[in-house]
Each structure stands twice: as structure tokens, then as C-alpha cells.
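For reference, the chains in residue letters:
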Amino acid sequence: MRALVLLLAGLVATPALPQAPSVNAVSGTGAILRGLDKVNGHGMDVELSRGGRAVIFGLDVRLDDCRYPPNNPSGDGFALLTIRRLGDPKVLFEGWMIASSPALNALDDPRYDVWVLRCMIS
């Protein structure tokens, strides 16, 4: 028991580890998103400007930002999205979606799916 207390005291007294360096990213002018209606299999691509909104099937999608690494703008974009059902103030999704790993932080909806394809760079 004494060893456990000493170990915990040592962990508390240890200075915090330095933060990992942030990824160098550039903000794009917007994003290209893909929507899917899983019930009838219809898909659509939408170009959305930064700060803009779009209706993708029954969803209201807002794009706050889209960032990408300067060395790979087409594959590693990540977008800050807020998604609601049309006419419903409840947020279904709010956060970053990553183009290269769409399942990492995905919209959880039984009917619709939305994911980021890439950032627009001009």
C-alpha cells in the first residue's frame, strides 16, 4: 500500500509532458462533402464555402472550417461541421471530420450519412 501511495505521489509531482507539436495546416476556402440517403441509395456531392450552410437531403449542414496539410490538400483534409435535421434545433453532429478516415468521427444517423471528400483550395 505504501508503495502505491509513493507511486501516485510521484506521478502527481511529475511535471506535465510537453504537448505534441501541432500539425501545420492551411485553411481552405471551403469543402466538398458527400451525402448519402441510405434508404434509397441516392448520393450527392456538395461544395460548401467556409462559414456556409447547405441542405443535404434532410440535413442542415454548416461548415465552419476546412484545413489541410500543405503537402497533401486532396487527401488529408479535415472539416469542422455542425449537422442538424431540417427544422430541428438538436445537433446530430458537431466536430471535425477527417477525409482520409471518415469513420474515425462520423455522423451517427440511421438514414443519412455525410462525410468530407476534400478541402477546396481556391
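Above this text you will find the structure in question.
A brief report on the enclosed structure follows. (Residues numbered from 1 in each chain as written. Predicted model: local features only at pLDDT ≥ 70, side-chain atom pairs only at ≥ 80, totals over all residues. Heavy atoms only, no water.)

**Considering the overall build of the protein**
Looking only at helices and strands, one finds one helix and eight strands in the protein. Helices and strands in the protein line up, N terminus first, as α-β-β-β-β-β-β-β-β. Here the protein holds 122 residues, and the buried ones make up 30% of them. The contacts of the protein with a sequence gap of at least 6 include a subset with a gap of at least 24, amounting to 46%. (Helix = DSSP H or I, 4+ residues; strand = E, 2+ residues; numbered from the N terminus. Buried < 20%, exposed > 50% of the residue type's maximum accessible area, 1.4 Å probe, protein only. Contact = heavy atoms within 4.5 Å.)

**Concerning the pairing of strand E2 (residues 30–37)**
Buried residues dominate E2, accounting for six of its eight residues. As paired elements, E2 and strand E3 (residues 42–49) share eight bridges and run antiparallel to each other. Bridge pairing links Leu 36 to Gly 43 in E3. The antiparallel hairpin formed by E2 and E3 contains four residues in its connecting segment, where Gly 41 sits at a positive phi of about 80°. Where E2 lies against strand E8 (residues 112–120), eight bridges are found, and the strand directions are antiparallel. Each bridged residue has a counterpart across the sheet, and for Arg 34 the counterpart in E8 is Trp 115. (Pairing = 2+ DSSP bridges.)

**Focus on the nonpolar core**
Membership of the largest hydrophobic core comes to 22 residues, with the highest contact counts inside it found for Leu 33, Val 61, Leu 81 and Ile 83. At the level of secondary structure, the elements contributing two or more residues to this core comprise E2, E3, strand E4 (53–56), strand E5 (59–68), strand E6 (78–85), strand E7 (91–98) and E8. Counting residues per element, this core draws most heavily on E5, which supplies five residues. Apart from residues no more than four positions distant in its own chain, Leu 81 is found in contact with Leu 33, Val 61, Arg 62, Leu 63, Phe 93, Glu 94, Gly 95, Met 97 and Val 116. (Core = buried A, V, L, I, M, F, W, Y, C linked by side-chain atoms within 4.5 Å.)

**Here we look at the pairing of E7**
Two strands pair when backbone bridges link them, and E6 and E7 are joined in this way by seven bridges, in the antiparallel orientation. In the strand pairing of E7, Ala 79 is matched with Met 97. Taking the residues that link successive antiparallel strands as the turn, the E6-E7 hairpin has five residues, and the phi of Gly 87 there is positive, at about 80°.

**A short note on the environment of Arg 53**
Relative to the elements of secondary structure, Arg 53 occurs in strand E4. Residues Arg 53 and Leu 63, spaced ten residues apart in sequence, show a C-alpha to C-alpha distance of 6.4 Å. Discounting chain neighbours no more than four positions away, the residues touching Arg 53 are Leu 48, Asp 60, Val 61, Arg 62 and Arg 84. A distance of 2.7 Å separates polar atoms of two side chains, one belonging to Arg 53 and the other to Asp 60. (Polar contact = N/O pair within 3.5 Å; in protein donor to acceptor, adjacent residues only side chain to side chain.)

As far as function goes, none of this settles anything; it's purely spatial.
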